[in-house]
Amino acid sequence: MFERDTGIFVSILAVALLVLVMQLLLCFKAKKPLLQRAPIVVLAVANLVLFLLMRFSRTWAAFAYAILYAASGAMLLFDGFAWVIWAIDRSMKQKKKA
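Residues numbered from 1 in each chain as written. Predicted model: local features only at pLDDT ≥ 70, side-chain atom pairs only at ≥ 80, totals over all residues. Heavy atoms only, no water.

A. Expanded view of the overall build of the protein chain. The helix and strand inventory of the protein chain stands at three helices and zero strands. Sequence-ordered secondary structure for the protein chain, helices as α and strands as β, is α-α-α. Principal-axis analysis of the C-alpha atoms places the extent of the protein chain at approximately 60 × 30 × 15 Å. Considering the protein chain as a whole, with its 98 residues, one finds that 23% of them fall into the buried category. Here the analysis covers contacts within the protein chain between residues at least 6 apart in sequence; of these, 68% occur between residues at least 24 apart. Accessible surface for the protein chain amounts to roughly 7,500 Å². Of this, 76% is attributable to carbon and sulfur atoms. Positive and negative side-chain charges in the protein chain, numbering 12 and 4 respectively, have mean positions lying 17 Å apart. (Helix = DSSP H or I, 4+ residues; strand = E, 2+ residues; numbered from the N terminus. Buried < 20%, exposed > 50% of the residue type's maximum accessible area, 1.4 Å probe, protein only. Contact = heavy atoms within 4.5 Å. Areas by Shrake-Rupley, 256 points an atom, 1.4 Å probe, with all protein chains shown as cover. Lys, Arg positive; Asp, Glu negative; His and termini not counted. Charge placed at Lys NZ, Arg CZ, Asp CG, Glu CD.)

Following this line, the structure appears as structure tokens:
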């Protein structure tokens, strides 16, 4: 029983780490701000939709929505971490120039 629960957690964490890497690449390499912000907007909308589905579902599907909501939240959190790393790097570069 615990092996399956651990597997779900590890898979959610692995996908969230992939989102972190992809967002870091977008933050540092993309020239258009719209392209940089697209993943966080998509994940925020998905997170909101999954929350609403979880909240208003009366069946066992609510449990599945809760798992997907947790996964989406983890991806959104790691996306935020990528923006923090990018902001720290940018401020350090500006301090070096000054």
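B. Focus on the side chain of Gln23. In this structure, Gln23 sits in helix α1 (residues 2–29). Under the relative-accessibility criterion, Gln23 is labelled buried at 1%. With residues up to four places along the chain from it excluded, the contact list for Gln23 reads Gln36, Pro39, Asp79, Ala82 and Trp83.

C. A look at the environment of Leu50. Inspection of the secondary structure puts Leu50 in helix α2 (residues 33–56). Sequence-wise, Leu50 and Gly80 are 30 residues apart; in three dimensions their C-alpha atoms are separated by 19 Å. The residues touching Leu50, leaving out its near neighbours within four places in the chain, are Tyr65, Leu68, Tyr69 and Ser72.

D. Main features of a nonpolar patch on the surface. On the surface, a nonpolar cluster with roughly 360 Å² of combined accessible area is contributed by Phe9, Val10, Leu13 and Leu17. Along the chain, Leu17 falls in helix α1. (Patch = residues over 30% accessible without salt bridge, like charges linked within 9 Å, V, L, I, M, F, W, Y side chains within 5 Å. Salt bridge = Lys/Arg side-chain N within 4 Å of Asp/Glu carboxyl O.)

E. Spatial organisation of the packing of aromatic side chains. Under the defined criterion, the tally for this structure stands at three aromatic pairs. On the numbers, 5.3 Å between centres and 85° between planes, the contact of Trp83 with Trp86 is edge-to-face. Separated by three residues within a single helix, Trp83 and Trp86 lie in helix α3 (residues 61–97), roughly one turn from each other. Residue Trp83 is classed as buried on the basis of its relative accessible area, which comes to 17%. (Phe/Tyr/Trp six-rings, centres within 6.5 Å; stacked < 30°, edge-to-face > 60°.)

F. Region of the structure containing the packing of α2 against α3. Between α2 and α3, the shortest axis-to-axis distance is 9 Å and the interhelical angle comes to 155°. One finds that α2 runs roughly antiparallel with respect to α3. Our pair here, α2 against α3, has a crossing hand that is left-handed. Together, Gln36, Arg37, Pro39, Ile40, Leu43, Ala44, Ala46, Asn47, Leu50, Phe51, Leu53 and Met54 of α2 and Ala62, Tyr65, Ala66, Leu68, Tyr69, Ser72, Gly73, Met75, Leu76, Asp79 and Trp83 of α3 make up the contact between the two elements. Of the residues that constitute the contact of α2 with α3, the class distribution is 17 nonpolar, four polar and two charged. (Axes fitted to C-alpha atoms, helices over the stretch in contact; angles between N-to-C directions. Parallel < 35°, antiparallel > 145°, perpendicular 65-115°, else oblique. Left-handed = near helix turned anticlockwise from the far one by under 90°. Nonpolar A, V, L, I, M, F, W, Y, C, P; charged D, E, K, R; others polar.)

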